[in-house]
Amino acid sequence: MAPTSVSPPPLRPPKANTQKYKVALCQLLVSPDKEENIARARSRIEAAADAGAMLIVMPEIWCCPYSMDTLPSYAEDIDGGASPSISMLSEVAAARKITIVGGSIPEKASGKVFNTCCVIGPDGHILAKHRKLHLFEIDIPGDIKLKESDTFTGGQEPTVVDTDVGRIGIGICHDIRFPELAMLYRSRGAHLICYPSAFNMSTGELLWDLMQKSRAVDNQLFVATCSPARDPNAKSEYMIWGHSSLIGPFGEVLAAAGHEEATVIGEIDLSMIPSTRENLPLEMQSRGDLYRFVDVQRQRETASNGARGVESEYVLVNDTVL
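Just so it is clear, the model here is predicted, and its values are computed rather than measured.

Lay out empty space enclosed by the protein with the relevant residues and their values.
Counting across every chain of the model gives one cavity of 30 Å³ or more. Residue composition of the lining of the largest cavity, by class: six nonpolar, three polar and one charged.

Describe the packing of helix H1 (residues 34-50) against helix H3 (residues 84-96), listing the residues and the values that go with them.
Helix-helix packing is described using two parameters, namely the angle between the two axes and the distance between the axes. For the pair H1 and H3, interaxial distance at closest approach is 10 Å and the crossing angle is 20 degrees. Considering their axes alone, H1 and H3 lie roughly parallel with respect to each other. Crossing of H1 over H3 shows right-handed handedness. Residue-level contacts link Lys34, Ile38, Ala41, Arg42, Ile45, Glu46, Ala49 and Asp50 of H1 to Pro84, Ser85, Met88, Leu89, Glu91, Val92 and Arg96 of H3. Here the contact of H1 with H3 is built from residues that sort into eight nonpolar, one polar and six charged.

Explain the pairing of strand S5 (residues 112-120) to me, using residue names and the numbers behind them.
Most of S5 sits out of view: eight of its nine residues are buried. Summarising the sheet, strand S3 (residues 99-101) and S5 pair through two bridges and their orientation is antiparallel. Each residue of the ladder has a partner; that of Val101, found in S5, is Val119. Across five bridges, strand S4 (residues 105-109) lies against S5 in antiparallel orientation. Along S5, the bridge assignment pairs Glu107 with Phe114. Following S4, the chain reverses through two residues before pairing antiparallel with S5; Ser110 in that reversal takes a positive phi of roughly 55 degrees. Pairing analysis gives five bridges linking S5 to strand S6 (residues 126-131), with the strands arranged antiparallel. Looking at S6, one finds that Cys118 is bridged to Lys129. Remark: five residues form the turn of the hairpin made by S5 and S6, two consecutive strands paired antiparallel; Gly124 in that turn has positive phi of roughly 90 degrees.

Can you lay out unusual backbone geometry for me, pointing to particular residues and giving the numbers?
With phi around 45 degrees, Ile61 is a residue other than glycine that occupies positive phi space. By secondary structure assignment, the location of Ile61 is in the loop between strand S2 (53-57) and helix H2 (71-74). Take Ile61: its relative accessible area is 1%, and that puts it in the buried class.

Account for the packing of aromatic side chains, with residues named and values stated.
Enumeration over the complete set of coordinates arrives at two aromatic pairs. Summarising the aromatic geometry, the rings of Tyr66 and Tyr238 are spaced 4.6 Å apart at their centres and angled 45 degrees between planes, so their arrangement reads as tilted. Pair noted here: Tyr66 is in the loop between S2 and H2 and Tyr238 is in the loop between strand S12 (222-226) and strand S13 (245-247), with a separation of 172 residues, a long-range link. For the pair formed by Tyr66 and Tyr238, the shared burial category is buried. Taking the ring centre of Phe114 as reference, the NZ or CZ of Arg131 above it sits at 3.9 Å.

Kindly report on the sheet that holds S13, identifying the contributing residues and their values.
Strand order in this open sheet of six strands is S9-S10-S11-S12-S13-S14, and the pairing throughout is mixed. The sheet is open, and its two borders are formed by strand S9 (159-163) and strand S14 (253-256), each paired with just one other strand. On average, each strand axis in the sheet is tilted by 20 degrees relative to the strand beside it, whichever way the strands run. Where strand S10 (residues 166-170) lies against strand S11 (residues 192-196), three bridges are found, and the strand directions are parallel.

Quick one: what's the story with the packing of helix H4 (residues 179-187) against helix H5 (residues 201-219), residue by residue and with numbers?
Between H4 and H5, whose axes approach to 10 Å, the crossing angle comes to 40 degrees. With respect to each other, H4 and H5 are oriented oblique. With respect to the hand of their crossing, H4 and H5 are arranged in right-handed fashion. For the pair H4 and H5, contact is made by Pro179, Ala182, Met183 and Arg186 and by Arg215, Asp218 and Asn219, respectively. Looking at the contact of H4 with H5 residue by residue, the classes come out as three nonpolar, one polar and three charged.

Could you give an account of the side chain of Ser83, with specific residues and numbers?
Its location among the elements puts Ser83 in the loop between H2 and H3. Of the residues examined, Ser83 reaches a relative accessible area of 4% and is grouped as buried.

Go over the state of the cysteines with me, naming the residues and quoting the values.
Following the criterion strictly, the structure yields zero disulfides and no others. Take Cys63: it sits in no disulfide, and the sulfur closest to it among the cysteines is that of Cys64, at 4.0 Å. As a non-bridged cysteine, Cys173 has Cys226 as the owner of its nearest cysteine sulfur, 12 Å distant. Residue Cys173 is classed as buried on the basis of its relative accessible area, which comes to 7%.

Quick notes on the rules
Residues numbered from 1 in each chain as written. Predicted model: local features only at pLDDT ≥ 70, side-chain atom pairs only at ≥ 80, totals over all residues. Heavy atoms only, no water. 1 Å grid on protein atoms, 1.4 Å probe; cavity = no way out; pocket = protein on both sides within 12 Å on 5 of 7 lines; lining within 4 Å. Points joined across faces, edges and corners; volume = space filled by probe spheres on them. Nonpolar A, V, L, I, M, F, W, Y, C, P; charged D, E, K, R; others polar. Axes fitted to C-alpha atoms, helices over the stretch in contact; angles between N-to-C directions. Helix = DSSP H or I, 4+ residues; strand = E, 2+ residues; numbered from the N terminus. Parallel < 35°, antiparallel > 145°, perpendicular 65-115°, else oblique. Left-handed = near helix turned anticlockwise from the far one by under 90°. Contact = heavy atoms within 4.5 Å. Buried < 20%, exposed > 50% of the residue type's maximum accessible area, 1.4 Å probe, protein only. Pairing = 2+ DSSP bridges. Phe/Tyr/Trp six-rings, centres within 6.5 Å; stacked < 30°, edge-to-face > 60°. Lys NZ or Arg CZ within 6 Å of the ring centre and 35° of its normal. Disulfide = S-S within 2.5 Å.

Here it is, written out as structure tokens:
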């Protein structure tokens, strides 16, 4: 049987203001002093803007140490306007006319704590807010044990945001492990997926590079990750891997840091996406007669004229009748 497309066609993103732009990954050293972390982040962002970066990507949990025991004490009320971390990002974005994917900070809301990324536009306003969807849990005897759900509440919506440099999908750390989310972002027209992350030493060495390249190659788009720097003197048992990277749509490494504090800058050329997809037409070769990707939110919007859903799933046609 010949391949038949059953998936909805990808959404067409609005035309970006530029075809090429520089993106900076600010891999920050994090201390227990929030004010010190905010000041360090401001300095790094300003330096990256001076170097010509139009998009700045920050790390996961950059305003405080990544420790489940202390994270709630650092949590900020973003919606209530009591967030010094986000206020700083907004001030710098507006002053330098740049877009910032603000890594993530612990957010308190409705009596809960979320791991939250805000995307800030060149006018200083919050364009989107992503709450980490997939909470990390690991138990390797003799190595590491962690359960994020003991501290964080998971988010409920994927995040795609239109910016001055194009349409961007947002994930946080463990979100990168789920290819369905990246597929959803491609189907909604994203050219870049940003994953602020804080992989540990065990999963970092084995999976960090693999996960980034997999999401980029599978969907033929750009992937940017940004981690905190590794602090060998940190008291926390959770040691950061580092190695923030920018990956191109063919899996090529366009920029990468080591484990120490650094800002690395790479260039995104949007023309690489259509050329890669034309050279290797995966979408046309997909076997829609055997399997399909379903964006449930888009499906519900079509079916009920605007009703909002939050899930997506990868469905085998032979197993499920939709």
